[in-house]
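# Observations on the three-dimensional arrangement
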Amino acid sequence: MTKASLEKYCLSKHGAVKEYPFDKMTAVYKVGGKMFALSSDSAAELRINLKCDPLYAAELRSIYACVEPGYHMNKRHWNTVVCNQEADDRLVQEWIDDSYDLVFASLPKKLQHEIKARV
């Protein structure tokens, strides 16, 4: 996965926006004002922080060397994925989907309906 394909995929999600709330180099993808993905525009190797169910997060870390506890995040709920040959684009997209779905489901129902109505 490339930085461009990451951005395109994350922004294809309903209601997703890209912001830089921390610094000029850390792209944050949000839905309903909540983060579902973060990545650095400056890193040579693409790394993505993704929200994850705690049990599934631990399982992924035990299976894939490219999945680490979330860098600068709550390590129980976030993973950092190093985008390399081990995790192909399809797999990373599935993990982005999971992260987006977790965050979207946590939004108030009214906001969920507003986001869906914009489609």
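Structure first, text after, so check above.
Everything numeric in this text was worked out from a predicted model, so none of it was measured. (Residues numbered from 1 in each chain as written. Predicted model: local features only at pLDDT ≥ 70, side-chain atom pairs only at ≥ 80, totals over all residues. Heavy atoms only, no water.)

## What to know about the pairing of strand 6 (residues 78–82)
Rules: When accessible area is computed with a 1.4 Å probe and restricted to protein chains, residues below 20% of their type maximum are described as buried, those above 50% as exposed, and intermediate ones as partly exposed. Each helix corresponds to a stretch of at least 4 residues labelled H or I by DSSP, and each strand to a stretch of at least 2 residues labelled E; elements are numbered beginning at the N terminus. Strands are treated as partners if at least two bridges between them are detected by DSSP.
Counting buried positions along strand 6 yields five of five residues, so the element is predominantly enclosed. Residues W78, T80 and V82 point to one face of strand 6 and N79 and V81 to the other, with burial holding for every one of them. In this structure, strand 4 (residues 47–51) lies alongside strand 6, joined through five bridges in antiparallel fashion. Residue pairing for strand 6: I48 is matched across the bridge by V81. Inspection of the sheet shows strand 5 (residues 67–69) paired to strand 6 by three bridges, in the antiparallel sense. Bridge assignment links E68 to a residue of strand 6, and that residue is T80.

## Observations concerning the state of the cysteines
Going by this rule: Cysteine sulfur atoms are paired as a disulfide whenever they come within 2.5 Å of each other.
The full count for this structure, using the stated rule, is zero disulfides. As a non-bridged cysteine, C52 has C66 as the owner of its nearest cysteine sulfur, 12 Å distant. In this structure C66 is not part of a disulfide, and its nearest cysteine sulfur, from C83, lies 7.8 Å away.

## Describing the packing of helix 1 (residues 3–11) against helix 3 (residues 89–106)
A pair of packed helices is captured by two measures, namely the crossing angle of their axes and the spacing between those axes. This is how the line gets drawn: Lines fitted to the C-alpha atoms define the axes, with helices restricted to the stretch that makes contact. Angles between their N-to-C directions range from 0 to 180 degrees. By definition, turning the near helix anticlockwise from the far helix through less than a right angle yields a left-handed crossing, and turning it clockwise yields a right-handed one. Should any heavy atoms of two residues lie within 4.5 Å, those residues are considered in contact. Each residue receives one of three labels: charged for Asp, Glu, Lys and Arg, nonpolar for Ala, Val, Leu, Ile, Met, Phe, Trp, Tyr, Cys and Pro, and polar for the others, Gly being one of them.
Remark: helix 1 packs on helix 3, axes separated minimally by 11 Å, with the N-to-C direction vectors making an angle of 40°. Judged by the twist between their axes, the crossing of helix 1 over helix 3 is right-handed. Side by side, helix 1 and helix 3 meet where L6, Y9 and C10 of the first sit next to Q93, I96 and D97 of the second. In the contact of helix 1 with helix 3, the residues fall into four nonpolar, one polar and one charged.

## Considering the environment of T26
Along the chain, T26 falls in strand 2 (residues 26–31). Accessibility expressed as a relative area gives 18% for T26, which makes it buried. Once you skip the residues sitting within four places of it in the chain, T26 turns out to touch E19, Y20, L38, S39 and S40.

## Details of helix 3
For the record, the criterion: The length a helix should cover is 1.5 Å for every residue beyond the first.
Here helix 3 spans 26 Å end to end across 18 residues, near enough to the 26 Å set by a 1.5 Å rise per residue. Within helix 3, the full set of buried residues consists of L91, V92, W95, I96, S99, Y100, V103 and F104.

## Regarding the pairing of strand 1 (residues 16–19)
A regular strand places its side chains so that they alternate between the two faces of the sheet. Of the strand pairs in this sheet, strand 1 and strand 2 are connected by four bridges, and their pairing is antiparallel. Its bridge partner lying in strand 2, E19 is registered against V28. Here strand 1 folds back onto strand 2 in antiparallel fashion, the turn holding six residues.

## Quick look at the side chain of K13
Short version of the rule: Polar contacts, as used here, are pairs of N or O atoms within 3.5 Å; protein pairs need one atom able to donate a hydrogen and one able to accept it. Residues neighboring in sequence count only if both atoms are side-chain atoms.
Here K13 shows up in the loop between helix 1 and strand 1. Using a relative accessible area of 15% as the deciding quantity, one classes K13 as buried. At a separation of 2.4 Å, a polar atom in the side chain of K13 contacts the side chain of D97. Excluding residues within four positions of it along the chain, K13 makes contact with F36, D97 and Y100.

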